[in-house]
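Coordinate inspection notes
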Amino acid sequence: MQTRKILGQSVQYLLHLLFPRTCFACGCDLSAQENGPLCPLCTHQLKKPGPYICKRCGVVLKSGGASCYACRGSKAKKYTCKMIRSAFIFNTSSRALVHGLKYKQADYLAAFMGESMFKQFAQYPELAEVNLIVPVPLHPRKLRKRGYNQSELLARSFSLQLGLESNATCLVRTRDTASQTKLNRQGRLANMSGAFACIAPGVVKGKTILLIDDVATTGATLEGCARALRQAGAKKVLAYTFARE
Ligand SMILES: [Zn+2]
Ligand SMILES: [Zn+2]
């Protein structure tokens, strides 16, 4: 046992000498003991949104209160995605991981990110009622280009830790929506409605679903997914993302 442990450490040290790893966010050298993709300092920067967040969409509120302007009063009722929560605020550390996973083919980051989402999940008892996990789908064209759906990888790692079923095939993206970055909130909502379809109503019927995505910005993508799932018979749709812009 002891020998095996020493051997394991030696192998790890050798690998470290041959392939020195650097922090995904700041680029500093990682020590041989560091298992994750970030240095201790950048790991420490992964922070939960808050202290005040909108109780519906989870956006950080600068001056307290319960809801953001878009979700205040009766406006909250018009959303099908009843709640959005995120593991971390969007900053240098979380952005580096999201960009790596999405644009640098670093699919191996999903294991660490999904585990981090699981560790933060206990802080959101309001999401505890969910009984099915569904990742936000990619359009087939984008999936072919990237080779994987980053949200599906996150959902797989997260659901494994949580011990809850994850289904990545019941929801599909039917429209390759134009890049949303130039659209405002209303534009994004309009752009996303009808962009998704649930092709396996039997899977979602009566379920309280937790949508998983890498980042929540306006929540328009999550809203589009939620509408398709509710139309197919889901009881309720909530969402949980790795980062919150
Ligand atoms: Zn770092
Ligand atoms: Zn809100």
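Bear in mind that the values here come from a model prediction, so they are computed numbers and not experimental data. (Residues numbered from 1 in each chain as written. Chains lettered and ligands numbered in written order. Predicted model: local features only at pLDDT ≥ 70, side-chain atom pairs only at ≥ 80, totals over all residues. Heavy atoms only, no water.)

Tallying each qualifying case throughout the model produces six salt bridges. Note that E223 is salt-bridged to R227, the shortest N-O span being 3.3 Å. Linking E223 with R227, this pair stays in helix α9 (residues 220-231), spanning four residues, or about one helical turn. With a relative accessible area of 2%, E223 lands in the buried category. (Salt bridge = Lys/Arg side-chain N within 4 Å of Asp/Glu carboxyl O. Helix = DSSP H or I, 4+ residues; strand = E, 2+ residues; numbered from the N terminus. Buried < 20%, exposed > 50% of the residue type's maximum accessible area, 1.4 Å probe, protein only.)

Before going further, it helps to examine the coordination of the zinc ion (ligand 2). At this site the zinc ion (ligand 2) is bound by C54 (SG), C57 (SG), C68 (SG) and C71 (SG), with donor distances of 2.3 to 2.4 Å. What the four donor atoms of the zinc ion (ligand 2) show is an angle range of 100 to 116 degrees at the metal, which sorts the shape as tetrahedral. (Donors = N, O, S within 2.8 Å, 3.2 Å for Na, K, Ca; no water. Tetrahedral: all angles 85-135°; square planar, octahedral: opposite > 155°, others 65-115°.)

With that settled, consider the packing of helix α7 (residues 185-192) against α9. Packing of α7 against α9 brings their axes to within 8 Å, and their N-to-C directions diverge by 35 degrees. With respect to the hand of their crossing, α7 and α9 are arranged in right-handed fashion. Together, R188, L189 and M192 of α7 and A220, T221, E223, G224 and R227 of α9 make up the contact between the two elements. Of the residues contributing to the contact of α7 with α9, the split by class is three nonpolar, two polar and three charged. (Axes fitted to C-alpha atoms, helices over the stretch in contact; angles between N-to-C directions. Left-handed = near helix turned anticlockwise from the far one by under 90°. Contact = heavy atoms within 4.5 Å. Nonpolar A, V, L, I, M, F, W, Y, C, P; charged D, E, K, R; others polar.)

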